[in-house]
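# Descriptive structure summary
Now for the letters of each chain:
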Amino acid sequence: MTATAVRVDSAPAAAVKRRRRSLGWLAVVPLLAFTALAFGLPALAMLDGAFTAKDPATGATSYTTGNLTASLQGAYLTALLGSVKLSAVSAALGTLLGLPLAQAVVTSRFRALREAVLTASGVLANFGGVPLAFAFVATLGNAGVLTRHLGLTDKGWDLYSFWGLVIVYLYFLIPLMVLTITPALEGLRTQWREAAQNNGATPVQYWRHVALPVLLPSLLGGLVLLFGSAFAAYATAAAMVGSSIPLVTLQIADAISGNVLVGQENVALALSLDMVLVAGLVMAVYLPLQRRSARWLA
């Protein structure tokens, strides 16, 4: 067959491939439209409101950066830093406690136990809000069952504090970490452990020099994911501590409802924009880490 014939035969195949690709894009259009309506329009409204100020006397609106400036001062800045601190501590503890639990699940010889733990993790990772707050108040609150039975109040225990809220957040962050890191642990090849043992490495040396360096991108990615989940949580903290602990999500709710100051709705939008920027930084760290870990564990 001549080169001309090959080019003629390949031309229709290339045209068919291009048509299939164009039809594939048509299938994505409904998803793109839904994303634009569900996320794009609210994001634009938030962005517009964050930079808009309304004159209470005349009702005229104008663009300004005053809302953003106010969101980074005083009680608002304290709430933003409080949310970052709470999320960072909760995410770090969730990562440290979730890794050994996930390793125990992966290495377990009992398939039923492993499936039960993973199923429970999937349920608990999405269990939050008012039901979670009520469960902990009834168990570890000032008049909770365990609090009275163990005499925790006399020992200085206080559920409605920073560390009490951290413990509540760990209830759904640890299962989330188990779900996140389990695929990475399953990707660790048996040959790597055997090669390390054949060269005289102890289990501690294997984890220090082989497993943990390979898992580090996935661990950091899980840490970032847990941080974002804790940072965006609202209902649990609102039901438990109210405004006694400064958190940005609670400040946004107070500003919108006018519980503290009236006419601060645009400042609430500016606070929401601050949260979006923090979440954007988190995702900017998370996505490269996921791509890097995929190259090792594929």
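The sections below set out a description of the structure shown in this document. Residue numbering note: each chain is counted from 1, following its sequence as written. Totals for whole chains, interfaces and linings use all residues, but because this is a predicted model, local features are given only for residues with pLDDT of at least 70 and pairs of side-chain atoms are given and counted only at 80 or more. Just so you know, side-chain values use all the structure's heavy atoms and leave hydrogens and water out.

### What to know about the overall build of the protein chain
We apply this condition: Only runs of H or I of at least four residues qualify as helices and only runs of E of at least two qualify as strands under DSSP, and these elements are numbered from the N terminus. Relative accessibility under 20% of the residue-type maximum defines a buried residue, over 50% an exposed one, and the middle range a partly exposed one, all with a 1.4 Å probe and only protein chains included. What makes two residues a contact is simply this: any of their non-hydrogen atoms within 4.5 Å. Residue exposure ignores everything except the shown protein chains as possible cover, and the areas themselves are Shrake-Rupley values with a 1.4 Å probe.
When you go through the protein chain residue by residue, the secondary structure sums to twelve helices and two strands. Out of the 298 residues in the protein chain, the part that is buried amounts to 33%. Here the analysis covers contacts within the protein chain between residues at least 6 apart in sequence; of these, 67% occur between residues at least 24 apart. If you sum the accessible surface of the protein chain, you get close to 17600 Å²; carbon and sulfur atoms cover 68% of it.

### Points about the packing of aromatic side chains
Given two aromatic rings, one states the distance between the centres and the angle between the planes to describe the pair. Using the following cut-off: Pairing of aromatic side chains here covers Phe, Tyr and the six-membered ring of Trp, requires ring centres within 6.5 Å, and sorts the geometry by plane angle: under 30 degrees stacked, over 60 edge-to-face, intermediate tilted.
Applying the stated criterion across every chain yields a total of six aromatic pairs. Between Phe162 and Trp163, the aromatic rings sit 5.3 Å apart at their centres with planes inclined by 85°, giving edge-to-face as the arrangement. Members of the aromatic cluster, joined through ring pairs, are Phe127, Phe136 and Tyr171.

### Some points on helix α5 (residues 129-140)
Basically, it comes down to this: Expected helix span is given by 1.5 Å per residue-to-residue step, counting one fewer step than there are residues. The arc under discussion is defined with respect to the helix axis, by the directions toward the C-beta atoms.
Under the 1.5 Å per step criterion, the end-to-end length of α5 is 16 Å for twelve residues, consistent within 8% with the ideal 16 Å. For α5, the full list of buried residues reads Gly129, Leu132, Ala133, Phe136 and Leu140. Buried residues of α5 fall within an arc of 100° about the axis and therefore sit on the same side. Within α5, the exposed residues directed more than 90 degrees away from the buried face are Val130 and Phe134. Along its buried surface, α5 packs onto α6 (145-150), α7 (162-186) and α10 (235-240).

### Re the pattern of salt bridges
Selection criterion: The salt bridge criterion pairs a side-chain nitrogen of Lys or Arg with a carboxyl oxygen of Asp or Glu, the two atoms within 4 Å.
Under the defined criterion, the tally for this structure stands at two salt bridges. The partner of Arg114 in a salt bridge is Glu186, with the nearest N and O atoms 1.8 Å apart. Of this pair, Arg114 sits in helix α4 (residues 111-124) while Glu186 sits in helix α7, and the two are 72 residues apart along the sequence. We classify Glu186 as partly exposed; its relative accessible area is 40%.

### Some points on a nonpolar patch on the surface
What counts, and what does not: Any residue with relative accessible area above 30% and no salt bridge may belong to a patch, with like charges joined within 9 Å and the nonpolar Val, Leu, Ile, Met, Phe, Trp and Tyr side chains within 5 Å.
On the surface, Leu31, Phe34 and Phe39 cluster together to form a nonpolar patch covering roughly 370 Å² of accessible area. In this fold, Leu31 is placed in helix α1 (residues 3-50). The exposure class assigned to Leu31 is exposed, which follows from its relative accessible area of 52%.

### Side note on the packing of helix α8 (residues 190-198) against helix α9 (residues 203-232)
Our working rule: Lines fitted to C-alpha atoms define the axes here, with helix axes fitted over just the stretch in contact, and angles between the N-to-C directions of these axes take values from 0 to 180 degrees. Any angle between 65 and 115 degrees counts as roughly perpendicular, while under 35 counts as roughly parallel, over 145 as roughly antiparallel, and the rest as oblique. Each crossing is labelled by how the near helix is turned from the far one, with a counterclockwise turn of less than a right angle marking it left-handed and a clockwise turn marking it right-handed. Three classes are used: nonpolar for Ala, Val, Leu, Ile, Met, Phe, Trp, Tyr, Cys and Pro, charged for Asp, Glu, Lys and Arg, and polar for all others, with Gly counted as polar.
The contact between α8 and α9 brings their axes to 10 Å, and the two run at 160°. Taken as axis vectors, α8 and α9 run roughly antiparallel relative to one another. Between α8 and α9 lies a crossing whose hand is right-handed. Between α8 and α9, the residues in contact are Trp192, Arg193 and Ala196 and Tyr206, Trp207, Val210 and Val214, respectively. Residues that form the contact of α8 with α9 fall into these classes: six nonpolar, no polar and one charged.

### What about the packing of helix α3 (residues 74-107) against α7?
Relative to each other, α3 and α7 sit at 45°, their axes nearing to 6 Å. Judged by the inter-axis angle, α3 sits oblique to α7. In terms of crossing hand, the pair formed by α3 and α7 is right-handed. A class-by-class count of the residues in the contact of α3 with α7 yields 21 nonpolar, six polar and two charged.

### As for the side chain of Ser83
We apply this condition: Polar contacts, as used here, are pairs of N or O atoms within 3.5 Å; protein pairs need one atom able to donate a hydrogen and one able to accept it. Residues neighboring in sequence count only if both atoms are side-chain atoms.
On the secondary structure map, Ser83 appears in helix α3. A polar atom in the side chain of Ser83 sits 2.8 Å from the backbone nitrogen of Val248. Contacts of Ser83, omitting those with residues within four sequence positions, involve Phe231, Pro246, Leu247, Val248 and Thr249.

### Notes on the environment of Gln103
Along the chain, Gln103 falls in helix α3. On the basis of relative accessibility, which here comes to 18%, the residue Gln103 falls in the buried class. Between the C-alpha atom of Gln103 and that of Glu186, which follows or precedes it by 83 residues, the distance is 8.9 Å.

### Section: the nonpolar core
For clarity, the threshold we go by: The criterion is simple. A nonpolar core is a set of buried Ala, Val, Leu, Ile, Met, Phe, Trp, Tyr and Cys residues joined through side-chain atoms within 4.5 Å.
Counting residues in each nonpolar core, the largest one holds 57 residues, and the members touching the most others are Leu165, Tyr169, Ile181, Leu185 and Leu247. Contributing elements (two or more residues each) for this core: α3, α5, α7, α9, α10, α11 (248-257) and α12 (265-297). A per-element tally of this core places α7 first, with 14 residues. Residues contacting Tyr169, with those up to four places away along its chain left out, are Leu86, Ser90, Ala230, Ala233, Thr236, Ala237 and Leu247. Counting five residues, the second-largest nonpolar core is a separate cluster that includes Met46, Leu68, Ala270 and Leu273.

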